[in-house]
Amino acid sequence: MASGLGPRNLCIIFVIFTVKSVIQCCFADQTASREGLPCANEESLIVRFEDYRPQSEHLVLLSSVVGIHTKDISWAWEARNSIATQSYPSDFAVISVCKESQDQIQRELESSSLVKGVHRQEIIRPSRQLSTIEEQSTNDAGEHSSFKSKPGLRSRGFDFVEDSVPHMGAGGRVLAQQRLRGSKRVEVSPTKILNAEALWDKGFSGKGVKVAVFDTGLAPDHPHFDNVVERINWTNEESIDDGVGHGTFVAGVIGGADDECPGFAPDAELYIFRVFTSDQVSFTSWFLDAFNYAIFIGIDILNLSIGGPDAGDRPFIEKVWEMTANGITVVSAVGNDGPNWGTLNNPADQFDTVGVGALTAAQDAVAPFQSRGMTSWESEDGYGRAKPDVLAPGQHVLGPMRDGSCRALSGTSVASPVVAGALALLLSSLGPAGGAARRRAGTPAALKQALLEGARPLPGRSVYEQGAGRLDLLRAYAVLQEYEPRASLHPAALDLTPDAAAAGGGCGVLWPHCAQPLYAGAQPRMVNLTLLNGMGVAGRVVGHEWRPAPGSEGALEVRVDYPELLWPYAGYLGVALTVPAARAGWHGVAEGVLELTVAAEGGGGGGGGG
């Protein structure tokens, strides 16, 4: 954070109706190395520590806490032989325990002040598939006429929807895929739709930006890529190739260099993280090691075309927060569980990530397969927030296949790399890493603010299905060029009056909050907004004031709630609206401004704004 910055004011308006490089091929052998346990039923646990240390020190620590050198061994150390653990310290360990002694061992570990938490290792298998939804027909507007869903457990996974590649289930992280039938086929070039050429003509091409692709890998000899810096296999297979095709397509949309299906940032430095086997199996620990490595090598943009509603995977969630705190902008697909509401995937639904939804091929509607909000993973702690953040081309989008050809695929897995590639292109417009412009406008919060402020809303559609609206690359570029660090809210205004553009005469963007008027004695109308802090990785709300407009005095009571600390680069603002009993007979529209004062603290940010 730049020195000398004081608190900044943040206003929200209410309108309330009352009543190119050397390729390094690295194999990370993740095969567990340990002693056998004297029991039939085992459980794999992730033990998180308060600090980073070499594996050998963690082993000594665990042995002192639990006592590995006993006659009756009831747990075993699992060595991780990845590049992350061989070259850098780690903040977690993986152990196997006998089921009958799991509770005792977990209690002993959690009693240590050096242990942050003990969690079940998530084994991600194809048998834990996300339900497949098959689209029977789609009209030109992209609306469904019928759906047929197949039963299955919801879990993390890829988010492709395409015509012929088989469904790729991967347990906690699965490819939710659909077959598009009877729809008008219009192949979409996302770089043309978003006019990326205008920025290429200015000399920007992603140069100097490090982009990580967490997926199924990429073949070393693929003809569309000459900008891959490193390929790393985090799985237990002896291959760095892409046996599925998902990772190849995603990487190509971001940084491919082919005339037929070009990527947004052909000169970005690509880091290919193979975190799924050819059978689409993965483990939480593989992701944690890979995430740590991304932090260590200074990744700028990280794409996760995966997701799932397993918010109980706390190590995964908190490691995403840590990446954001270290300046990595995490872009993630919101999922393909639409058109049902409340089906958002994690980590796209986290307040610090850029959650990406999909547009139809016509670019004028939300794709019917896209998951909808509001967020639900924090339901135990508060009210859901608006997601996705932005919409990007996600239906019939052109990208590379494993054989070097170009094909059109659909899904939020397609939309996510569109945004990741666009962000890499935008970030390269800010000059070299470490420069003043990058420090000021290249933080995760600043880049997300540019996307939200530059987006174009779809008329009459809820913020819980479109977020800020359609990605507009050139408007986002304009925002970044004039950017001064500031705090902002998403959505920036709460208008609960009827919207003529909404379907059926509803209230549109703020549906369902505006479904009926407020009245005295009713339950509070609650809305939870995302609070972005572009002034630094950490900040605090140090004051707030509700200022009603003339004629609205006393018509509305506004209560707010927010976290003690805004971290990393973001938080939430909970707003509760009620009509006082004294105004029970009042009819009309109440308006006003809620002003927040946000102060940045610590390092990692720069500038201030109002």
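The residue numbers shown here count from 1 along each chain, following its written sequence. Confidence filtering applies because this is a predicted model: local features only for residues at pLDDT of at least 70, side-chain atom pairs given and counted only at 80 or more, and all residues used for totals across whole chains, interfaces and linings. By convention in this description, side-chain values take in all heavy atoms of the structure and omit both hydrogens and water.

A.B. asks: Break down the state of the cysteines for me, with residues and values.
C.D. replies: In what follows, a disulfide is any cysteine sulfur pair within 2.5 Å. In total, this model carries two disulfides according to the counting rule given. Residue pairing for Cys39: its cysteine sulfur links by disulfide to Cys98, the two sulfurs lying 2.1 Å apart. Sign of the S-S torsion, about -90° for the bond between Cys39 and Cys98, identifies this disulfide as left-handed. Placement of Cys39 in the loop between strand E3 (29-33) and strand E4 (42-53) and of Cys98 in strand E6 (residues 90-98) is noted, with a sequence separation of 59 residues between them. Relative accessible area decides the class of each residue, using a 1.4 Å probe on protein chains only: under 20% of the type maximum gives buried, over 50% gives exposed, and in between gives partly exposed. Overall, Cys98 belongs to the buried group, its relative accessible area being 2%. Residue pairing for Cys261: its cysteine sulfur links by disulfide to Cys406, the two sulfurs lying 2.1 Å apart. Its S-S torsion of about -60° marks the bond between Cys261 and Cys406 as left-handed, since a negative value means left-handed. Of this pair, Cys261 sits in the loop between helix H6 (246-255) and strand E14 (269-274) while Cys406 sits in strand E22 (residues 406-409), and the two are 145 residues apart along the sequence. Classification of Cys406 by relative accessible area gives buried; the value is 13%. We count a stretch as a helix when DSSP gives it H or I for four or more residues in a row; a strand needs E for two or more, and each element gets its number in order from the N terminus.

A.B. asks: Just give me the short version of the confidence of the model for the protein chain, but keep the residues and values in it.
C.D. replies: For every residue, the pLDDT score states the predictor's confidence, bounded by 0 at the bottom and 100 at the top. Summing up the model confidence of the protein chain, the mean pLDDT is 83 and the portion of residues at 70 or higher is 79%. Low confidence marks residues 15-33, where pLDDT is under 50. Its contacts with residues over four positions away, or in another chain, come to 85 contacts. Note on definitions: a residue-residue contact is assigned when non-hydrogen atoms from the two residues lie within 4.5 Å. Contacts of residues 162-183 to residues separated by more than four positions or lying in other chains number 113 contacts, the stretch itself having pLDDT below 50.

A.B. asks: Go over the environment of Pro417 with me, naming the residues and quoting the values.
C.D. replies: Among the structural elements, Pro417 can be located in helix H9 (residues 412-428). For Pro417, the residues in contact, after removing those within four places along its chain, are Val250, Val253, Ile254, Asn303 and Ser305.

A.B. asks: Describe in detail the pairing of strand E18 (residues 329-333), supporting the description with residues and values.
C.D. replies: Counting buried positions over the five residues of E18 gives five, a clear majority of the element. Here E18 shows a buried face lined by Thr329, Val331 and Ala333 and a second buried face lined by Val330 and Ser332. Pairing of strand E16 (residues 301-304) with E18 involves four bridges; the strand directions are parallel. Bridge assignment links Leu302 to a residue of E18, and that residue is Val330. Pairing geometry for E18 and strand E19 (residues 354-359), over three bridges, is parallel. Paired with Ser332 across the bridge in E19 is Gly355. Note on pairing: two strands pair once DSSP finds at least 2 bridges between them.

A.B. asks: An account of unusual backbone geometry is requested, with residue identities and associated values reported.
C.D. replies: For the bond from Gly373 to Met374, the omega torsion is 5°, close enough to zero to count as cis. Structurally, the position occupied by Met374 is in the loop between E19 and strand E20 (390-393). Phi angles above zero are rare outside glycine, and Asn195 is one such case at about 60°. Tracing the sequence through the fold places Asn195 in the loop between helix H4 (190-193) and helix H5 (196-200). You can call Asn195 partly exposed: its relative accessible area is 36%.

A.B. asks: Give me the environment of Ser90: which residues, what numbers.
C.D. replies: Residue placement: Ser90 occurs in strand E6. Under the relative-accessibility criterion, Ser90 is labelled buried at 2%. Along the primary structure Ser90 and Tyr52 are separated by 38 residues, whereas in three dimensions their C-alpha atoms are 4.8 Å apart. Contact partners of Ser90, with chain neighbours within four places excluded, come to Asp51, Tyr52, Arg53, His58, Arg80, Asp289 and Asn292. Whenever a nitrogen or oxygen atom comes within 3.5 Å of another N or O atom, the pair is scored as a polar contact, on the condition that within protein one atom can donate a hydrogen and the other can accept it, and that pairs from neighbouring residues in sequence are kept only if both atoms are in side chains. A distance of 3.3 Å separates a polar atom in the side chain of Ser90 from the backbone nitrogen of Phe92.

A.B. asks: Describe the pattern of salt bridges, with residues and values.
C.D. replies: Criterion for a salt bridge: a side-chain nitrogen of Lys or Arg within 4 Å of a carboxyl oxygen of Asp or Glu. Within this structure, the stated rule accounts for 21 salt bridges. Note that Arg120 and Glu43 form a salt bridge whose closest N and O atoms lie 3.3 Å from each other. You can see Arg120 sitting in strand E7 (residues 115-120) and its partner Glu43 sitting in strand E4, a full 77 residues away along the chain. The class of Glu43 is buried, set by a relative accessible area of 10%. The salt bridge involving Lys116 is made with Glu318; its shortest N-O contact spans 3.5 Å. Of the two residues, Lys116 is situated in strand E7 and Glu318 in helix H8 (residues 314-325); the sequence distance between them amounts to 202 residues. Since its relative accessible area comes to 18%, Glu318 is described here as buried. A cluster of three or more residues bridged by salt bridges with shared partners is formed by Glu43, Lys99, Arg120 and Glu122.

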